[in-house]
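Structural features, examined
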Amino acid sequence: MTLWLGLFLWTLVLELPVYELGAGPLTKRWWHTSVLALLLNLLTHPLFTWWQYETEPSRLAVLGAELCIAAAEGLALYCLRRELGLGRALLVGAAANGTSYGLGLLAWHLLG
């Protein structure tokens, strides 16, 4: 549980600024984007982490799963913020997930 929580917090810290920059503030309340990022990650992160540690998938399988997660989060973002447009919502989902996954791989290689 401690490992999962650390990974989840890492993901949120890295993805929140991307969602903020890409989707912009939801309202004048600063915390709405934080709640959105939390909800989007609660949809995908637990299942992905469980799958990754239980099955030890190949790097290609993990990359495929990350692409699916980015698409799912982008579609969810679009459903919540239709004014963004589908293309932009998918791009924000891809940028957010690419940032956390890419920096996670970099940290893993540098620290591991």
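Please refer to the structure placed before this passage.
One structure accompanies this document, and this report is about it.

Rules used throughout
- Residues numbered from 1 in each chain as written.
- Predicted model: local features only at pLDDT ≥ 70, side-chain atom pairs only at ≥ 80, totals over all residues.
- Heavy atoms only, no water.
- Disulfide = S-S within 2.5 Å.
- Buried < 20%, exposed > 50% of the residue type's maximum accessible area, 1.4 Å probe, protein only.
- Helix = DSSP H or I, 4+ residues; strand = E, 2+ residues; numbered from the N terminus.
- Contact = heavy atoms within 4.5 Å.
- Phe/Tyr/Trp six-rings, centres within 6.5 Å; stacked < 30°, edge-to-face > 60°.
- Lys, Arg positive; Asp, Glu negative; His and termini not counted.
- Salt bridge = Lys/Arg side-chain N within 4 Å of Asp/Glu carboxyl O.
- Polar contact = N/O pair within 3.5 Å; in protein donor to acceptor, adjacent residues only side chain to side chain.

Section: the state of the cysteines
- A complete count under the given rule lists zero disulfides for this structure.
- Here Cys68 stays unpaired: no disulfide links it, and the sulfur of Cys79, its closest cysteine neighbor, is 17 Å away.
- Its relative accessible area of 55% is what places Cys68 among the exposed residues.

Here we look at the environment of Leu77
- Structurally, Leu77 can be placed in helix 3 (residues 59–80).
- Excluding its chain neighbours within four sequence positions, the residues that come into contact with Leu77 are Tyr19, Ala23, Leu36, Leu40, Leu84, Ala89 and Val92.

Describing the packing of aromatic side chains
- Using the criterion set out here, one finds two aromatic pairs in the structure.
- An angle of 10° between the planes, with centres 4.8 Å apart, marks the rings of Trp4 and Phe8 as stacked. You can see Trp4 and its partner Phe8 sitting in helix 1 (residues 2–23), four residues apart, about one turn around the helix.
- On the basis of relative accessibility, which here comes to 6%, the residue Phe8 falls in the buried class.
- Both rings, one in Phe48 and one in Trp51, keep their centres 5.9 Å apart while their planes meet at 40°; by these two values the pair is tilted. Residue Phe48 and its partner Trp51 are both found in helix 2 (residues 31–55); the two are separated by three residues, about one turn of the helix.

Section: the side chain of Glu73
- Structurally, the position occupied by Glu73 is in helix 3.
- The buried charged residue Glu73 lacks any salt bridge, with Arg81 as its nearest oppositely charged partner at 14 Å.
- Looking at Glu73, its side chain comes within polar contact range of the side chain of Tyr19, at 2.7 Å.
- Other than its neighbours up to four places away in sequence, Glu73 contacts Glu15, Tyr19, Leu40, Asn41, Thr44 and Asn97.

Note that every value here comes from positions in space, so none of it alone points to a role or purpose.
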